[in-house]
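# Report on the structure
One-letter residues, chain by chain:
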Amino acid sequence: MAAEILTVAQMYAADRAAMAAGISGPTLMEAAGRAVARAVRSLSPDGPVPVTILCGPGNNGGDGFVAARHLRAAGWPVRVGLLGEKSALAGDAGWAAAAWAGPVLPATVRLLDGAGIIVDALFGAGLNRPVGGVALDLIMAMAGTGKPIVAVDVPSGINGDDGTVRGGAAPATITVGFFRPKPAHYLYPGRGLCGRVEIADIGIPDAVVNDMDVDILINGPSVWGRALPRRAATDHKYHRGHALVLGGTIMTGAARLAARAALRMGAGLVTVACAPSAHMTYSLSMPSLIVQPIDDAGGFDALLSDTRRNAVLLGPGAGSGPLLRKVTLSALAANRAGVLDADIFTCFAGDLASLRRAGLNGDWIMTPHEGEFRRLFGDLPGSRAERARRAASDSGAILVMKGPDTLIVHPDGRMRINHNAPPCLATAGSGDVLAGMILGLLAQGMGAFDAAAAGVWWHGEAGRRCGAGLIAEDLTEIIPAIRRDILF
Ligand SMILES: NC(=O)C1=CN([C@@H]2O[C@H](COP(=O)(O)OP(=O)(O)OC[C@H]3O[C@@H](n4cnc5c(N)ncnc54)[C@H](O)[C@@H]3O)[C@@H](O)[C@H]2O)[C@H](O)CC1
Ligand SMILES: [K+]
């Protein structure tokens, strides 16, 4: 499957490019409507049930008319309700409505009575304001029926570019998108309202994407697999990097999980630097760890003076006191790659400027969840994706905005949307494992953007394989099996 996600504007451009290549608008709409009819039929394998199709005033409605014609031809009872006047339908939608031989009724809530399946073809890519009035009444009524809904392109009321709900939207059972997915198919809350997403080939040549600046991808091995660190028969451990983790004194579990994850990801060596009082805790937890007691930030600097220690993790369990602050500023100045997580966002709350001044750049990855994000970046305006992009651009670092639809964003605006994380990953220590996984890849020399994306996907896959009831310790243990299955 192609990993590209197209914005609404890019999808319109793809349409135009296809038409310029000689594929007519009605040809595209015919294929789109046929795919919608197919999705409806898949919901009732035992045979026809009454279908109500609610059509809007644009081409989304046009797709609805085409679907109506195909379903009727296959012997399905279909009622079509139109929001607006048939005479006002223009272009391809006008063509589709003219080709529908059945009655066109005004779209009212009553039309939903007796429907076994509903097709939501009110608004798609062309939504340009929040839904209200009759349209909103229809959307709420669709949602209230409890019947299966097939949404055309997106559930009406969802903004295709960011997945936000504008006014209201009815949850679909299947959403049929066209050519390539849109951000709303992958970003919550849109993603949660789309149900199963089926992307139909409607005859737009794949090549049209080559002329576009596609900067959003679905995160997965096809995106970063070729950049994974390779093993050579002649490798020794110093070829595989040396990660350095600042370990806390009280919350020692976080750094232990992260260090273990970094080793499991293939880092050659992992050192935990900690207060002398915590030395024993770290040493006894994992014989393969190097544990270095440090008295103060100077002790950490001394460890960093060994340039083989090439990747650094700061934050998990570290406490947000002066030590973390000092160590972070000197690590940023030391020209390393690294991951900033957890207590970093408290330690530097509202103070991105200090991180930037110290040398934060694209070799560094920040991994906040929503609350931590706000602590560092404040209340930025816009959707989650817009805020994440702004934060990556302002910080100059790779931003991993954690959540059920984790975003991996480059300062230049490129974004990868992750979609494989199961809810059971929301458990204590899970974020520490993620930070350590990314660290392990950084230590082996993988570029920060790819390392972040690979870590996030791999962590999701680990969660999926462990399943419900997993604890963070399980995640680290399944890492090697996943590597074996990534075919790059
Ligand atoms: N390659 C493709 O993706 C193809 C997509 N197709 C379908 O075309 C629609 C997009 O069609 P468009 O006419 O541009 O927009 P819409 O039908 O979504 O809506 C425009 C229509 O609705 C009015 N409107 C917008 N927002 C509101 C609102 N909140 N309340 C009331 N009215 C609103 C607006 O004024 C217009 O009149 C895409 O989604 C696909 O379904 C093609 O069929 C095939 C190729
Ligand atoms: K729709």
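These numbers come from a predicted model, not from an experiment. (Residues numbered from 1 in each chain as written. Chains lettered and ligands numbered in written order. Predicted model: local features only at pLDDT ≥ 70, side-chain atom pairs only at ≥ 80, totals over all residues. Heavy atoms only, no water.)

## A short note on the coordination of the potassium ion (ligand 2)
Of the protein atoms, only Asn60 (OD1), Asp120 (O), Phe123 (O), Val152 (O), Val154 (O) and Ser156 (OG) coordinate the potassium ion (ligand 2), at distances of 2.6 to 3.0 Å. Donor residues binding the potassium ion (ligand 2) come from one chain and are separated in sequence as N-x59-D-x2-F-x28-V-x1-V-x1-S. Side by side, Asp120 and Phe123 carry an identical accessibility label, which is buried. (Donors = N, O, S within 2.8 Å, 3.2 Å for Na, K, Ca; no water. Buried < 20%, exposed > 50% of the residue type's maximum accessible area, 1.4 Å probe, protein only.)

## Overview of the state of the cysteines
Throughout the structure, instances matching the rule amount to zero disulfides. Its sulfur unpaired, Cys347 is 18 Å from the next cysteine sulfur, which belongs to Cys274. On the accessibility criterion, Cys347 (14% relative accessible area) is buried. Counting only cysteine sulfurs, Cys466 is the nearest neighbor of Cys424, a cysteine outside any disulfide, at a range of 7.6 Å. (Disulfide = S-S within 2.5 Å.)

## Some details on the sheet that holds strand 8 (residues 216–218)
Overall, mixed pairing links the ten strands, which are arranged 8-17-16-15-14-13-12-9-10-11 in an open sheet. Each end of this open sheet is capped by a strand with a single partner; those strands are strand 8 and strand 11 (290–293). Mean inter-strand twist for the sheet, computed between neighbouring axes without regard to direction, equals 20°. Packing of helix 14 (residues 370–377) onto the sheet brings it into contact with strand 14 (364–366) and strand 15 (398–401), and relative to strand 15 it is tilted by some 140°. (Pairing = 2+ DSSP bridges. Helix = DSSP H or I, 4+ residues; strand = E, 2+ residues; numbered from the N terminus. Axes fitted to C-alpha atoms, helices over the stretch in contact; angles between N-to-C directions. Contact = heavy atoms within 4.5 Å.)

## Comments concerning the pattern of salt bridges
Applying the stated criterion across every chain yields a total of 22 salt bridges. One salt bridge connects Arg308 with Asp306, and the closest N-O pair in it is separated by 3.2 Å. Among the residues examined, Arg308 registers a relative accessible area of 45% and is labelled partly exposed. Residues Arg416 and Asp450 are paired through a salt bridge, measuring 2.8 Å at the closest nitrogen-oxygen approach. Of the two residues, Arg416 sits in strand 17 (residues 415–417) while Asp450 sits in helix 17 (residues 448–466), which places them 34 residues apart along the sequence. Here Arg416 and Asp450 have matching classes, each one buried. Through salt bridges with shared partners, one network takes in Glu370, Arg374, Arg384, Arg387 and Asp405. (Salt bridge = Lys/Arg side-chain N within 4 Å of Asp/Glu carboxyl O.)

## With respect to unusual backbone geometry
Backbone torsion omega between Tyr188 and Pro189 reads 0°, so that peptide bond is classified as cis. Within the fold, Pro189 resides in the loop between strand 6 (174–178) and helix 6 (190–194). The backbone of Phe179 sits at a positive phi, close to 70°, despite the residue not being glycine. Mapped onto the elements, Phe179 comes out in the loop between strand 6 and helix 6.

## With respect to helix 18 (residues 472–485)
Its maximal kink placed at Ile479, helix 18 deviates by approximately 35°, while the proline Pro480 follows within four residues. Of the positions making up helix 18, those classed as buried are Ala472, Leu475, Thr476, Ile478, Ile479 and Ile482. Residues of helix 18 that are buried make contact with helix 8 (252–264), helix 16 (430–443) and helix 17. (Bend = angle between axes of the 7 residues up to and from the residue.)

## Observations regarding the pairing of strand 12 (residues 309–314)
For strand 12, a buried count of five out of six residues is recorded, marking the element as mostly surrounded by other parts of the structure. Pairing of strand 12 with strand 13 (residues 337–340) involves four bridges; the strand directions are parallel. For Leu314, the partnering residue across the bridge sits in strand 13 and is Leu340. For the handedness criterion, the β-α-β arrangement of strand 12, helix 11 (residues 322–333) and strand 13 is classed as right-handed. (Right-handed = clockwise from strand over helix to strand, strands pointing away.)

## Some points on the confidence of the model for the protein chain
Of the residues in the protein chain, 100% have a pLDDT of 70 or more, and the chain-wide mean is 97. Interface confidence for the predicted complex, expressed as ipTM, amounts to 0.98; the pTM equals 0.96. (pLDDT = per-residue confidence, 0-100.)

## Things to note about the environment of Arg325
By secondary structure assignment, the location of Arg325 is in helix 11. Placed eleven residues apart in sequence, Arg325 and Leu314 show a C-alpha to C-alpha distance of 9.7 Å. Beyond its immediate chain neighbours, meaning those up to four positions away, Arg325 contacts Cys347, Phe348, Asp351 and Ser354.

## Comments concerning the packing of aromatic side chains
One pass over the full model with this rule turns up two aromatic pairs. A centroid spacing of 4.8 Å and a plane angle of 35° characterise the contact between Phe373 and Phe377, whose relative ring orientation is tilted. Note that Phe373 and Phe377 are positioned in helix 14 at a spacing of four residues, about one turn of the helix. Comparing Phe373 with Phe377 shows no difference in burial state: the two are buried. A cation sits over an aromatic face here: Arg180 above Phe179, 4.4 Å from the ring centre. Just above the ring of Phe449 sits the side chain of Arg416; from NZ or CZ to the centre is 4.0 Å. (Phe/Tyr/Trp six-rings, centres within 6.5 Å; stacked < 30°, edge-to-face > 60°. Lys NZ or Arg CZ within 6 Å of the ring centre and 35° of its normal.)

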